[in-house]
Amino acid sequence: MNVQTHSNLLSVFEAQAYAKMIGPFSVEDVGSKSWMRQHNLVEQLNIQAHTNALTKHDEFVVEAIIECEKMPVLIHHLLAIEAWREKVFPSLYKEVKSSASVKVYVALYHEATVCNLLEVLMYHENSCESGGDAMCELADYCYRKLLMLSTKRIEPPEPKPKKLELKEIENENQAERILKQAKQIEYTTAMSCITLMRFLTEHITALPVSVPRQLLDNLDVLMVMVPLMEAAPWQRRSRQGLEKYVENKWMKIERKDRFRLSKLEAQVWLSIYNLLMDKGCRALYDFTNYRKDVLMRLKRYINDLLKDQLPILKDLQRLLEELSLMKMPAAAKPLHLVVPVDLIREAVYNSRQTNKPRTEEEWKDIAKMQLKGAFAADSKDRAEEMRALAETYGGGAMESLIEEPKCARCGKPATNRCSGCQQEWYCGRKCQVKSWKKHKSICKLLSDALRSKTKNSNQPDKENVSARPEEKQKKSDGLIEIIS
């Protein structure tokens, strides 16, 4: 599908209006009607921002976010949904009914959506500048993600299972599926943070002075970037051989391309380069024997093949050679710096009543409240929320930005889509029939929303399969014949 066809998903005036309507939310609000509106606003701006970037059109979404001063609000979204995922989600996901599982997925996915939007925004220096002191908290957030990647607390998802293991997928319960989705989204978000860290270091001179001090003194990001390079979370081994995570999907790497630099690898090298080669950053960084030893581990990666792909690394190699000959102090000099206050994080984690950090019991109480309200099986706002989601994700612009669809059951490339919800894809009749029992309740919710959105769409698309496998369908125009 051609992206240019959907370049005007939002007009300039709509983007401006949507940006104005974005506001902060609390952990208690996640999943509520007002929160769903916030998610839909951010998602539509995200889709339009990526469409503008891909088609090289006027980036009016970026301008709208800057003009409305919404960078700190987006960072607030990121920290609030992170707190919900860490503190509330573990007490909630096992109790969620299948009819509410879509909303749980949307709540988890919101973190990836905001990171995705920030990737587009932070390409521009003035976006980073408009973030103000909140960029310090974004740096802290990215550091936490990169630390988990480097220590393998966040790992690449397992390759798709073999045919013999499909029975395990069929027997997988609701809680296991939600947890698997949560881990996949967490990995995707962490990989986005590699790019965000590169932009933070690239535009470091435009940021408040607290940001470089936070990165180099309080967090010591360089001591995480080196283990991250060694952990290489952007690659994995599968039955097909070496695979690398490129443009949000796993791609098989041919033997001749094994040493070709991927985009994520390049981002890590550029972050290291920016922090070590910038004179202002170097003046802030206190080199010690320990830090020197860690940085020296980079030397084994810098070879002629790498320098041909990233010529600026020649300067970095020269700096590392100079450092290897220098005598360093055993420990860093004590610095009496004012540690930046995490105002957003404090607001998110503190109780509204006491203004003190919530206890574990208070977090569990929020989970119980949301199970009875926003994530209840019989929520009164479900139809309206599904209609809004269908409007956000049902457009062709979204499909042009994501990877090719995979079968919801076996993971193979899919060419047939459920004609009811128009969201689930299948490789053929067999997988669709076996998935129907689990898909039925969600399909009904989404298809009802779609019917209310488009009353004149009674006939299925050519790529669609029957929404209900037990119904008989004639084989025509490429439709799969589904016979009970």
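Residues numbered from 1 in each chain as written. Predicted model: local features only at pLDDT ≥ 70, side-chain atom pairs only at ≥ 80, totals over all residues. Heavy atoms only, no water.

Engineer: Would you take a moment to explain the pairing of strand β2 (residues 241-246) for this structure?
Structural biologist: With 4 bridges joining them, strand β1 (residues 235-238) and β2 adopt antiparallel strand pairing. By the bridge assignment, Arg236 is partnered in β2 with Glu243. Direction of pairing for β2 relative to strand β3 (residues 249-252): antiparallel, over a ladder of 4 bridges. Following the sheet pairing, Glu243 is matched in β3 by Lys252. In textbook terms, the turn of a hairpin is the stretch between consecutive antiparallel strands, and for β2 and β3 this stretch comprises 2 residues, one of which, Glu247, has a positive phi near 50°. (Pairing = 2+ DSSP bridges. Helix = DSSP H or I, 4+ residues; strand = E, 2+ residues; numbered from the N terminus.)

Engineer: It is not clear to me how the packing of aromatic side chains should be interpreted in this structure. Could you clarify?
Structural biologist: Ring pairs (aromatic) are described by centroid distance and by the angle formed between their planes. Under the definition given, this model contains 11 aromatic pairs. Between Tyr105 and Tyr109, the aromatic rings sit 5.8 Å apart at their centres with planes inclined by 10°, giving stacked as the arrangement. One end of the pair, Tyr105, and the other, Tyr109, are both in helix α5 (residues 101-121), 4 residues apart, so they sit about a helical turn from each other. Judged by relative accessible area, which is 23%, Tyr109 ranks as partly exposed. (Phe/Tyr/Trp six-rings, centres within 6.5 Å; stacked < 30°, edge-to-face > 60°. Buried < 20%, exposed > 50% of the residue type's maximum accessible area, 1.4 Å probe, protein only.)

Engineer: Teacher, can you tell me more about the side chain of Arg198 here?
Structural biologist: Counting through the fold element by element, Arg198 comes out in helix α9 (residues 174-202). We classify Arg198 as buried; its relative accessible area is 17%. For Arg198, the residues in contact, after removing those within four places along its chain, are Gln267, Leu270, Ser271 and Asn274. (Contact = heavy atoms within 4.5 Å.)

Engineer: I tried to follow the confidence of the model for the protein chain on my own but got confused; where do I start?
Structural biologist: Low-confidence regions, as indicated by low pLDDT, have predicted coordinates that should not be scrutinised in detail. Mean pLDDT for the protein chain: 83, with 81% of residues reaching 70 or above. Of the regions scoring below 50 in pLDDT, residues 1-6 engages in 11 contacts with residues more than four places distant in sequence or in other chains. Segment residues 396-402 is flagged for pLDDT under 50; beyond a separation of four residues in sequence, or across chains, it makes 16 contacts in the model. (pLDDT = per-residue confidence, 0-100.)

Engineer: I tried to follow the pattern of salt bridges on my own but got confused; where do I start?
Structural biologist: Oppositely charged side chains may form a pair once their charged atoms are brought near each other. Evaluated as defined, the whole model comprises 21 salt bridges. Of the charged contacts in the structure, one is a salt bridge between Arg358 and Glu28, with a shortest N-O distance of 2.8 Å. One end of the pair, Arg358, is in the loop between α17 (343-349) and α18 (360-372); the other, Glu28, is in the loop between α1 (12-21) and α2 (33-55), with 330 residues separating them in the sequence. Among the salt bridges present, the one from Lys244 reaches Glu265, with a minimum N-O distance of 3.0 Å. (Salt bridge = Lys/Arg side-chain N within 4 Å of Asp/Glu carboxyl O.)

Engineer: Help me understand the environment of Gln317 in this model?
Structural biologist: Here Gln317 is to be found in helix α16 (residues 313-325). Considered as a pair, Gln317 and Ile302 are 15 residues apart in the sequence and their alpha carbons are 7.1 Å apart. Residues in contact with Gln317, not counting those within four places in the same chain, are Ile302 and Lys307.

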